[in-house]
Each structure stands twice: as C-alpha cells, then as structure tokens.
Amino acid sequence: QVQLVESGGGLVQAGGSLRLSCAASGRSFSNYAMGWFRQAPGKEREFVAAISWSGGNTYYADSVKGRFTISRDNAKNTVYLQMNSLKPEDTAVYYCAANGRLRGWPSRTGSMYDYWGQGTQVTVSS
C-alpha cells in the first residue's frame, strides 16, 4: 500500500556528511510517523531516529544524538536523515520506515512500523 524509495547512501570518510532521502507514495504520507533504522553486518537492526506526522517532534538514538537530524517535507512526501560527523561505526544499511497508524506517535521499536524501504548502504572509512 505504501512504497518507500531511499537514496543518498554512499562511501564517505570519517567526519564527513551524507543526507539520506526517502520518498513515499500514497496520499496518507503526511499522516504517518516515520523512522530511520540501520543494520550493520552481524548486528541486529537498531533505531536511529524518528519523527512525528507533523514533523514537530523528533527522537534520536543516543549514538547519533547531536550528529544526525531527521526532518520531513510532507508536500514532497519525503523524509530526510542528515548525517554529520560520521564515524566508522555508523557503517550500516539504513532503512526508512512508516507507521501505518494515521497520526500515530513515532516509536523506537521497529515492529511498530508497517512499511519499510529497500535500504541504502552507508559506508564510513577511517
């Protein structure tokens, strides 16, 4: 029902920046809380950031707080993850996700999201 298409991943040196984008289909995008998650090789998927349906509330994992910024442009059906001061430990496949509950509250738990993007690789070299 909802398709999420990611872009912006790539290879960057430690200390550099990347901006990930996730474009969503569907007229209800503006009513969905959105999140970013990541999964490194051999590790479990972990929460990165989340944003409320209105964009007025944001939440971050402690590991990225102060370095990453989540935002959204509902007019463009797009959510962003600006990543600054990247570290090698940020290397992972990054996924965007949508909570299918209309105007639901953003969650740090992946199981609370109903739709997922295909993932985009972010590699940070030391």
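Everything discussed here concerns the structure shown above.
Notes on the structure in this doc start here. Note that this is a predicted model, so its numbers are computed, not measured.

Reading the values: rules and limits
- Residues numbered from 1 in each chain as written.
- Predicted model: local features only at pLDDT ≥ 70, side-chain atom pairs only at ≥ 80, totals over all residues.
- Heavy atoms only, no water.
- Phe/Tyr/Trp six-rings, centres within 6.5 Å; stacked < 30°, edge-to-face > 60°.
- Helix = DSSP H or I, 4+ residues; strand = E, 2+ residues; numbered from the N terminus.
- Buried < 20%, exposed > 50% of the residue type's maximum accessible area, 1.4 Å probe, protein only.
- Lys NZ or Arg CZ within 6 Å of the ring centre and 35° of its normal.
- Pairing = 2+ DSSP bridges.
- Axes fitted to C-alpha atoms, helices over the stretch in contact; angles between N-to-C directions.
- Contact = heavy atoms within 4.5 Å.

**Things to note about the packing of aromatic side chains**
Part 1 of the argument: Per the counting criterion, the structure on display carries 6 aromatic pairs.
Part 2 of the argument: Seen in terms of ring centroids, phenylalanine 37 and tryptophan 116 are 5.1 Å apart; in terms of plane orientation they differ by 55 degrees. Their pairing is tilted. You can see phenylalanine 37 sitting in strand 4 (residues 34–39) and its partner tryptophan 116 sitting in strand 10 (residues 115–116), a full 79 residues away along the chain.
Part 3 of the argument: With centroids separated by 6.1 Å and ring planes inclined at 65 degrees, the aromatic side chains of tyrosine 59 and tryptophan 105 adopt a geometry described as edge-to-face. A residue pair is termed long-range when its members are at least 10 positions apart, and tyrosine 59 in strand 6 (residues 58–60) and tryptophan 105 in the loop between strand 9 (92–98) and strand 10 qualify at 46 residues.
Part 4 of the argument: Looking at tyrosine 59, the relative accessible area reads 21%, which means it is partly exposed.
Part 5 of the argument: Look at tryptophan 105 and you get partly exposed, because its relative accessible area is 48%.
Part 6 of the argument: Above the face of the phenylalanine 29 ring, arginine 72 is positioned so that its terminal group lies 4.6 Å from the ring centre.

**Quick notes on the environment of lysine 76**
Part 1 of the argument: Here lysine 76 shows up in the loop between strand 7 (68–73) and strand 8 (78–83).
Part 2 of the argument: For lysine 76 and glycine 104, which are 28 residues apart along the polypeptide, the C-alpha to C-alpha distance reads 20 Å.

**What about the sheet that holds strand 1 (residues 4–7)?**
Part 1 of the argument: Here 4 strands make up an open sheet; going across it, the order is 1-3-8-7 and the pairing antiparallel. Every other strand in the sheet has two partners, leaving strand 1 and strand 7 as the edge strands with one partner each. Strand-to-strand twist in this sheet, taken as the mean axis angle between neighbours without regard to direction, amounts to 15 degrees.
Part 2 of the argument: Pairing analysis gives 4 bridges linking strand 1 to strand 3 (residues 18–24), with the strands arranged antiparallel. Looking across to strand 3, one finds that serine 7 is bridged to serine 21.

**Some details on the environment of cysteine 22**
Part 1 of the argument: Tracing the backbone through its elements, the reader meets cysteine 22 in strand 3.
Part 2 of the argument: For the pair formed by cysteine 22 and serine 107, sequence separation is 85 residues and the distance between their alpha carbons is 18 Å.
Part 3 of the argument: Apart from the residues within four sequence positions on either side, cysteine 22 is in contact with Leu4, Val5, Glu6, Trp36, Asn77, Thr78, Val79 and Cys96.

**Focus on unusual backbone geometry**
Where the residue is not glycine, phi is negative for most of them; where a peptide bond is considered, it is trans in most cases.
Part 1 of the argument: The phi torsion at asparagine 77 lies on the positive side, around 55 degrees, for a residue other than glycine.
Part 2 of the argument: By secondary structure assignment, the location of asparagine 77 is in the loop between strand 7 and strand 8.
Part 3 of the argument: For asparagine 77, a relative accessible area of 21% gives the class partly exposed.
Part 4 of the argument: In the Ramachandran plot, serine 85 falls in the positive-phi region, its phi being about 50 degrees despite a non-glycine side chain.

**Considerations on the pairing of strand 3**
Each regular strand displays side chains that alternate between the two surfaces of the sheet.
Part 1 of the argument: Counted residue by residue, strand 3 has 5 buried out of 7 residues, so it is predominantly covered.
Part 2 of the argument: As paired strands, strand 3 and strand 8 are joined by 6 bridges and run antiparallel to one another. When the sheet's bridge partners are listed, arginine 19 is paired in strand 8 with glutamine 82.

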